[in-house]
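If you want the building blocks of each chain, they are given just below.
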Amino acid sequence: AVIGAATAVMAASIAMVQNDIKRVLAYSTVSQLGYMFLACGVGAYAVGVFHLMTHAFFKALLFLGAGSVMHALHGELDMWKMGNLRKYMPVTHKTFLVGTLAIAGVPGLAGFFSKDEILWYTFASANGSPILWVVGTIVAGMTAFYMTRMLLVTFYGDSRMDPHTEEHVHENPRTMTVPLVVLVVRAIVGGYAGLP
């Protein structure tokens, strides 16, 4: 549990300062794996696997959304060379927004159910402790911070794209956007599989 908590904190702190859209998601994945090990460390094995499932839905959505952005911007990875992409890529923007809300643990979305269960077990189980609960809660806040930062820098605000790239930015074809929509549905309803 301690190793899982330490991994979650370390990786989340690295994700908070990344500017590469895929690196943010990669370190986020390491952090969420730490969260899963935290659950297993306090004896909540089913909850750890449940978070693995919900995480698969919204993280696949976010990685494919990042790929959609990269494709539209000719391979650009630096968030600070993006901005205002919601204007050009409405489907990618809306699906990425749902994925961000899900991983942040917004109630009703997949990430809320599994993260809430992990926090409950870290606090109330025989192997848990209030200290582990505090660390888990801090990591959840860090996750919400770095994902919101990435969403706002990439899709909102003024455009920071070079003029040549901005001329050619477009929403991707259905072969790329339909999988995003399918994963959005799972990121919304996937958490309900854990209800008794």
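Residues numbered from 1 in each chain as written. Predicted model: local features only at pLDDT ≥ 70, side-chain atom pairs only at ≥ 80, totals over all residues. Heavy atoms only, no water.

A. Representation of the overall build of the chain within the structure. Scanning the chain for helices and strands turns up eight helices and zero strands. For the chain, the N- to C-terminal ordering of α and β elements is α-α-α-α-α-α-α-α. For 196 residues, the compact-globule formula gives about 16 Å, and the C-alpha radius of gyration of the chain, at 17 Å, lands near that figure. Here the C-alpha coordinates of the chain stretch approximately 60 × 30 × 20 Å along the principal axes. For the chain, the proportion of its 196 residues judged to be buried stands at 47%. Pairs at least 24 apart in sequence give 80% of the contacts found in the chain among residues at least 6 apart. Of the roughly 9,000 Å² of accessible surface on the chain, 70% is carried by carbon and sulfur atoms. (Helix = DSSP H or I, 4+ residues; strand = E, 2+ residues; numbered from the N terminus. Rg over C-alpha atoms; globule rule 2.2 N^0.38 Å. Buried < 20%, exposed > 50% of the residue type's maximum accessible area, 1.4 Å probe, protein only. Contact = heavy atoms within 4.5 Å. Areas by Shrake-Rupley, 256 points an atom, 1.4 Å probe, with all protein chains shown as cover.)

B. Expanded view of the nonpolar core. Counting 36 residues, the largest nonpolar core has Leu73, Leu85, Met147, Met150 and Val169 as its most contacted members. When contributions to this core are tallied by element, the ones reaching two or more residues are α1 (2-15), α2 (21-41), α3 (45-72), α4 (90-104), α6 (130-155) and α8 (174-189). Ranked by residue count, the leading element in this core is α6, at seven residues. The residues contacting Val169, other than those within four sequence positions of it, are Ala72, Leu73, Leu85, Tyr88, Met89 and Met161. Ranked by size, the runner-up nonpolar core spans 13 residues in total, among them Ala8, Ala39, Val42 and Ala44. (Core = buried A, V, L, I, M, F, W, Y, C linked by side-chain atoms within 4.5 Å.)

C. Broad picture of the packing of α3 against α4. The interhelical angle for the contact between α3 and α4, taken along N-to-C directions, is 145°, at an axis separation of 9 Å. For α3 against α4, the interelement crossing comes out left-handed. Here α3 contributes Phe58, Lys59, Leu61, Leu62, Gly65, Ala66, Ser68 and Val69 to the contact with α4, which in turn contributes Thr92, Thr95, Phe96, Gly99, Thr100, Ala102 and Ile103. A breakdown of the residues in the contact of α3 with α4 according to their chemical character gives eight nonpolar, six polar and one charged. (Axes fitted to C-alpha atoms, helices over the stretch in contact; angles between N-to-C directions. Left-handed = near helix turned anticlockwise from the far one by under 90°. Nonpolar A, V, L, I, M, F, W, Y, C, P; charged D, E, K, R; others polar.)

D. Up close: the packing of aromatic side chains. Within this structure, the stated rule accounts for four aromatic pairs. Ring plane angle 70° and centroid distance 5.7 Å describe the contact between Phe123 and Trp133, whose orientation is recorded as edge-to-face. Separated by ten residues along the polypeptide, Phe123 in helix α5 (residues 110-124) and Trp133 in helix α6 bring together distant segments of the chain. Assessed through its relative accessible area of 45%, Phe123 is described here as partly exposed. Relative accessible area serves as the criterion here: at 34%, Trp133 is assigned to the partly exposed category. (Phe/Tyr/Trp six-rings, centres within 6.5 Å; stacked < 30°, edge-to-face > 60°.)

E. A look at the layout of surface pockets. Estimates place the volume of the largest pocket at around 170 Å³. Forming the walls of the largest pocket are Ala46, Val47, Phe50, Phe112, Phe113, Asp116, Glu117, Gly191, Gly194, Leu195 and Pro196. For the lining of the largest pocket, the leading source of residues is α5, giving four residues. Split by residue class, the lining of the largest pocket holds seven nonpolar, two polar and two charged. (1 Å grid on protein atoms, 1.4 Å probe; cavity = no way out; pocket = protein on both sides within 12 Å on 5 of 7 lines; lining within 4 Å. Points joined across faces, edges and corners; volume = space filled by probe spheres on them.)

F. Up close: the environment of Ala124. You can see Ala124 is positioned in helix α5. A residue is classified by how much of its surface remains accessible, and Ala124, at 40% relative accessible area, is partly exposed. For the pair formed by Ala124 and Met36, sequence separation is 88 residues and the distance between their alpha carbons is 17 Å.

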